[in-house]
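Take a look at the letters that make up each chain.
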Amino acid sequence: MNIKNIFQRIQNIFKPQAELQDEVIVRFLRILEDVRAEEMPCDEMFARLDEFVEAEVQSHDAEKLMPLVREHLDMCHECDEEYEALLTVLENTK
Ligand SMILES: [Zn+2]
């Protein structure tokens, strides 16, 4: 069963006989993406933190390059502290 069939069956529960639009699937997938971003585990975060801080120090473009990392930092105090510490170290070694 592919993902469209799954969504079609879910929609049929609420609105029987309605044709499922591709646009609806795309929106649904975006929501799933967002949820996944919010659930980025901290260890995955740490793996990308070096890169993020590096980009931040060099061009201040880190947020644009890695919005998910920024998002995680806003929500996770622990990783944010780690980020601040790394940033301080890098800025002082320039
Ligand atoms: Zn975290």
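Residues numbered from 1 in each chain as written. Predicted model: local features only at pLDDT ≥ 70, side-chain atom pairs only at ≥ 80, totals over all residues. Heavy atoms only, no water.

1. With respect to the overall build of the protein chain
So, point 1. Check the secondary structure of the protein chain and you find 6 helices and 0 strands.
So, point 2. Here the C-alpha radius of gyration of the protein chain, 19 Å, is well above what a compact globule of 94 residues would show, namely 12 Å.
So, point 3. If one aligns the C-alpha atoms of the protein chain with their principal axes, the spans along those axes are about 65 × 25 × 20 Å.
So, point 4. Taking as baseline every contact in the protein chain between residues at least 6 positions apart, the subset at least 24 positions apart corresponds to 50%.
So, point 5. Accessible surface computed for the protein chain: about 7100 Å², of which carbon and sulfur atoms make up 52%.
So, point 6. In the protein chain, 10 side chains carry a positive charge and 23 a negative one; their mean positions are 12 Å apart. (Helix = DSSP H or I, 4+ residues; strand = E, 2+ residues; numbered from the N terminus. Rg over C-alpha atoms; globule rule 2.2 N^0.38 Å. Contact = heavy atoms within 4.5 Å. Areas by Shrake-Rupley, 256 points an atom, 1.4 Å probe, with all protein chains shown as cover. Lys, Arg positive; Asp, Glu negative; His and termini not counted. Charge placed at Lys NZ, Arg CZ, Asp CG, Glu CD.)

2. Some points on the nonpolar core
So, point 1. Membership of the largest hydrophobic core comes to 15 residues, with the highest contact counts inside it found for Met45, Leu49, Phe52, Val53, Val69, Leu73 and Tyr83.
So, point 2. Looking at which element gives the most residues to this core, the answer is helix α3 (residues 42-59), with 6 residues. (Core = buried A, V, L, I, M, F, W, Y, C linked by side-chain atoms within 4.5 Å. Buried < 20%, exposed > 50% of the residue type's maximum accessible area, 1.4 Å probe, protein only.)

3. A closer look at the domain arrangement of the protein chain
Accessible area lost on assembly of the parts is the figure often given for the size of an interface.
So, point 1. Segmenting the protein chain into domains produces domain 1 (1-39) and domain 2 (40-94).
So, point 2. For domain 1 and domain 2, the distance between their C-alpha centres works out to 33 Å. (Domains from an automatic or database assignment.)

4. Describing the pattern of salt bridges
So, point 1. Applying the stated criterion to the full structure yields 3 salt bridges.
So, point 2. One salt bridge connects Asp61 with Lys64, and the closest N-O pair in it is separated by 3.4 Å.
So, point 3. Using a relative accessible area of 30% as the deciding quantity, one classes Asp61 as partly exposed.
So, point 4. The residue Arg70 makes a salt bridge to Asp74 at a minimum N-O spacing of 3.0 Å. Note that Arg70 and Asp74 are positioned in helix α5 (residues 67-75) at a spacing of 4 residues, about one turn of the helix.
So, point 5. With a relative accessible area of 57%, Asp74 lands in the exposed category. (Salt bridge = Lys/Arg side-chain N within 4 Å of Asp/Glu carboxyl O.)

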